[in-house]
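# Reading the structure
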Amino acid sequence: MVRAVVGANWGDEGKGKITDALGKESDIIVRFQGGANAGHTIVNDYGKFALHTLPSGVFYDHTTSIIGNGVALNIPVLFQEIRGIVDRGVPAPRILVSDRAQIVMSYHILFDKLEEERLAGKSFGSTKSGIAPFYSDKYAKIGFQVSELFMEESGLKEKIERVILQKNVILEHLYHAPALQAEEIYKELMEYRRMVEPYVCDVSAYLWNAVQDGKNILLEGQLGTLKDPDHGIYPMVTSSSTLAAYGAIGAGIPPYEIQQVITVCKAYSSAVGAGAFVSEIFGAEADELRDRGGDGGEYGATTGRPRRMGWFDCVASKYGCRLQGTTDVAFTVLDVLGYLDEIPVCTGYEIDGKVTTKFPVTRLLEKAKPVYEVLPGWKCDIRGIRNYDELPENCRKYVEFIEEQIGFPITMVSNGPGRDDIIFRKR
Ligand code: GDP
């Protein structure tokens, strides 16, 4: 059976924690999109870890972790991460890297930085990990696929010359930066070849066989629906699709095999980077939620940037769940809200004087004002509770109100950062 764990919103919903919790019953965990630009934070018996490239299944010794063809593969980051976890006592994970994954080159990171500097205040809030230049090159057909590391030297050198010809024109004339040298790029690729060689695999064939053998496969998404380049808040989006449907492409499995789509929604909102965020809150109210949020505050796992904070947004989440093809909602970080007397929930957007519950295109989203309904808080610590019925009444009412608003079943409630802090709810 194939399942996907994806985000409904702007990312940072707690997907890593849900993947880690479901990893127990998975044989294979696959990253299918994105790169090292966002991170998952996972707390387990080995400690607290921030992963950017490795799938969240690496902490189990029974799982195989796969980097699918849809990922922006930063090979040095992958190796640092493997070393980082092994050095902290985690058994060496079983990792496979798709021979069709493409490689984040050092010049992608360079171009990302140069472009952010050029745009200055008008930037998209890139994490400068090279992701946008990487995907641009992939679709312009000038990227390097892992399989190409094993090409004949002359063919690879010819391709490098062809690629850097374009890059150097832009470096010289747009950014006034030094040119790339073909020999350096060749050396970089050979170093990557040495590092990645033991892991390279025909992943789609491997997964096809795994599906035939009835293995449990988990597809792990990065970011969330609202960062999808087609269905998100374009242009403040990421460069690869964040939707479960893309899991079929980015892993190389038949689309009809994805039988369960677990969409993760956080009990309040947070976002990083620029872009419309209708239920955003500010000042002391936001600072308190940020400091209490997640596990040790809502600060970026990769960048340490403070996240923008807001109340739960039913309009965005309903849309986010619909586009994912949600079968189950995992509702996370509910424990954090235990300090509030009252909890506002955004149930509609007012746009040009009219209230709607439909999530609009960016042009209209920028004009939207939140319409709130205020629910009573439960004013206690709910960590450690394992049965849904034991949650305080107002807490259950909060969950059920949101379930009703978004129209998808909340079958998992996460009430703490640990692997076992999860309540499974019957439909
Ligand atoms: P992801 O990118 O979607 O995996 O999300 P992040 O890892 O950026 O953010 C989730 C943060 O919330 C992490 O620090 C998690 O350890 C933490 N977290 C996840 N679920 C819960 C929960 O139910 N309660 C609390 N308090 N923290 C949680």
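Everything that follows concerns the structure shown earlier in this document.
Residues numbered from 1 in each chain as written. Predicted model: local features only at pLDDT ≥ 70, side-chain atom pairs only at ≥ 80, totals over all residues. Heavy atoms only, no water.

## Remarks on the nonpolar core
Generally speaking, nonpolar side chains in soluble globular proteins are found buried as a group. Core analysis: the largest hydrophobic core is formed by 43 residues, its most contacted members being Val-97, Ile-103, Phe-144, Ile-160 and Leu-189. Secondary-structure elements contributing two or more residues to this core are β4 (47–51), α2 (75–87), β7 (94–98), α3 (106–119), α5 (153–175) and α6 (182–196). The biggest single contributor to this core is α6, with seven residues. Apart from the residues within four sequence positions on either side, Leu-189 is in contact with Ile-103, Met-105, Phe-144, Leu-149, Leu-156 and Ile-160. Ile-343, Leu-391, Ile-402 and Val-413 belong to the second largest nonpolar core, which has 38 residues in total. (Core = buried A, V, L, I, M, F, W, Y, C linked by side-chain atoms within 4.5 Å. Buried < 20%, exposed > 50% of the residue type's maximum accessible area, 1.4 Å probe, protein only. Helix = DSSP H or I, 4+ residues; strand = E, 2+ residues; numbered from the N terminus. Contact = heavy atoms within 4.5 Å.)

## Brief notes about the site of the ligand
Around the ligand, the surrounding shell holds 20 residues, and the nearest of these are Gly-16, His-40, Thr-41, Asp-335 and Ser-414. Contacts to the ligand include Glu-13, whose backbone N or O atom sits 3.1 Å from an oxygen atom. One nitrogen or oxygen atom from the side chain of Ser-414 is found 2.5 Å from an oxygen atom belonging to the ligand. A total of 580 Å² of accessible area belongs to the ligand in isolation, and the protein chains cover 97% of it. Where the shell around the ligand is concerned, the elements lending two or more residues are α1 (15–23) and β3 (40–44). Sort the elements by how many residues they give to the shell around the ligand and α1 lands first, with three residues. Its residues placed into classes, the shell around the ligand shows three nonpolar, nine polar and eight charged. (Near = heavy atom within 4 Å. Polar contact = N/O pair within 3.5 Å; in protein donor to acceptor, adjacent residues only side chain to side chain. Areas by Shrake-Rupley, 256 points an atom, 1.4 Å probe, with all protein chains shown as cover. Nonpolar A, V, L, I, M, F, W, Y, C, P; charged D, E, K, R; others polar.)

## Some words on the side chain of Asn-69
Considering the arrangement of structural elements, one finds Asn-69 in the loop between β5 (64–67) and β6 (72–73). Accessibility expressed as a relative area gives 15% for Asn-69, which makes it buried. Once you skip the residues sitting within four places of it in the chain, Asn-69 turns out to touch Ser-98, Arg-100, Ala-101, Gln-102, Lys-138, Ile-249, Gly-250, Ala-251 and Gly-252.

## Structural notes on the packing of aromatic side chains
The description of an aromatic ring pair rests on the distance of the ring centres and on the angle between the ring planes. Under the counting rule described, the total for this entry stands at 10 aromatic pairs. Pairing Phe-134 with Tyr-135 gives two aromatic rings, centres 4.8 Å apart and planes at 90°, and the pair type is edge-to-face. Exposure remark for Tyr-135: the relative accessible area of 3% places this residue in the buried category. One aromatic cluster is present, formed by Phe-312, Phe-331, Trp-378 and Tyr-398 through successive ring pairs. Its end group placed over the ring of Tyr-339, Arg-292 keeps NZ or CZ at 4.1 Å from the ring centre. The ring of Tyr-388 has Arg-425 sitting right over it, with the charged end atom 4.4 Å from the ring centre. (Phe/Tyr/Trp six-rings, centres within 6.5 Å; stacked < 30°, edge-to-face > 60°. Lys NZ or Arg CZ within 6 Å of the ring centre and 35° of its normal.)

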